[in-house]
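# Structural overview for review
Each chain, written out:
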Amino acid sequence: MRGLRSFKIILIVMAICSFSIFVADYFLFRDIKIKNEHISSLENDLSLQDKRQEYLVSTQKLVKSVEQDIANINNSIIPKQNDVKFIEGIETMAKDNNLKIEINSLFTQNDEVASTTATILSMKVKTTGGWSGTYKFLAEIESLPFKIKIGNMTMYSSNIGGDGAVVAKKTASVWEGSFDIKVLEYK
């Protein structure tokens, strides 16, 4: 009986040891699983942060590449309250090309621009002078760094009458030109 009793004790001790090992394994695997889930979560967060960082860097590069385009666009529009300076520049160009200039009308148009910050400055201009001066004047206006349109242009020699006959014999013909100038300006 003693052998049976010692066998039972050994069996109970082994069962308790096996159960303890099983419980220890369970807690060990559970701890490993929780740590793996935590590591996986950290890796996902890190990957997401990395993607955000890449997006931020690419956005910054895009902004830098567009900055020059924005500056060019801003420079093609007359700055706010510089319309008088622009008109004086047009008058100076005409005088530099030996032209008399007369600005018949000056107004702003909002209907052609779908912007709350820009408008169109329109001028009806008349010039009197030589053909080459008028041609150079128009070329200089078109080469200004602003967004300019020249329209409704008419040019005629004042030495020729309406019937085509020469009115007066002059050494140099005088040309009269009239045209509209439209330029974008900030409000």
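Relevant structure appears above.
Residues numbered from 1 in each chain as written. Predicted model: local features only at pLDDT ≥ 70, side-chain atom pairs only at ≥ 80, totals over all residues. Heavy atoms only, no water.

Evaluated as defined, the whole model comprises three salt bridges. Residue D180 is joined to K124 by a salt bridge in which the shortest nitrogen-to-oxygen separation is 3.4 Å. Here D180 is found in strand 4 (residues 175-186), whereas its partner K124 is found in strand 2 (residues 118-129), with 56 residues between them in sequence. (Salt bridge = Lys/Arg side-chain N within 4 Å of Asp/Glu carboxyl O. Helix = DSSP H or I, 4+ residues; strand = E, 2+ residues; numbered from the N terminus.)

Our next topic: the packing of aromatic side chains. Each pair of aromatic rings is reported with the distance of its centres and the angle of its planes. Per the counting criterion, the structure on display carries four aromatic pairs. Note on F86 and F146: the rings are 5.7 Å apart at their centroids and 85° apart in plane angle, and the pair reads as edge-to-face. With F86 in helix 2 (residues 83-96) and F146 in the loop between helix 3 (131-142) and strand 3 (148-157), the pair connects residues that are 60 residues apart, well separated along the chain. Since its relative accessible area comes to 7%, F86 is described here as buried. (Phe/Tyr/Trp six-rings, centres within 6.5 Å; stacked < 30°, edge-to-face > 60°. Buried < 20%, exposed > 50% of the residue type's maximum accessible area, 1.4 Å probe, protein only.)

With that out of the way, let us pick up the sheet that holds strand 2. Strands belonging to one sheet form pairs held by backbone hydrogen bonds; the direction of such a pair is parallel or antiparallel. As summarised here, the arrangement of the four strands in space is 1-2-4-3, forming an open sheet in which the pairing is antiparallel. A single partner strand is all that each edge strand has here, and the edge strands are strand 1 (100-109) and strand 3. Across the sheet, the mean angle from the axis of one strand to that of its neighbour is 15°, orientation sign disregarded. Relative to strand 4, strand 2 runs antiparallel, the two sharing twelve bridges. Among the inter-strand pairings, K126 is bridged to a residue of strand 4, identified as S178. Helix-sheet contacts for helix 2 involve strand 1, strand 2, strand 3 and strand 4, and the interaxial angle to strand 1 is about 155°. Taken strand by strand, helix 3 contacts strand 1, strand 2, strand 3 and strand 4, and its axis lies near 175° from that of strand 3. (Pairing = 2+ DSSP bridges. Axes fitted to C-alpha atoms, helices over the stretch in contact; angles between N-to-C directions. Contact = heavy atoms within 4.5 Å.)

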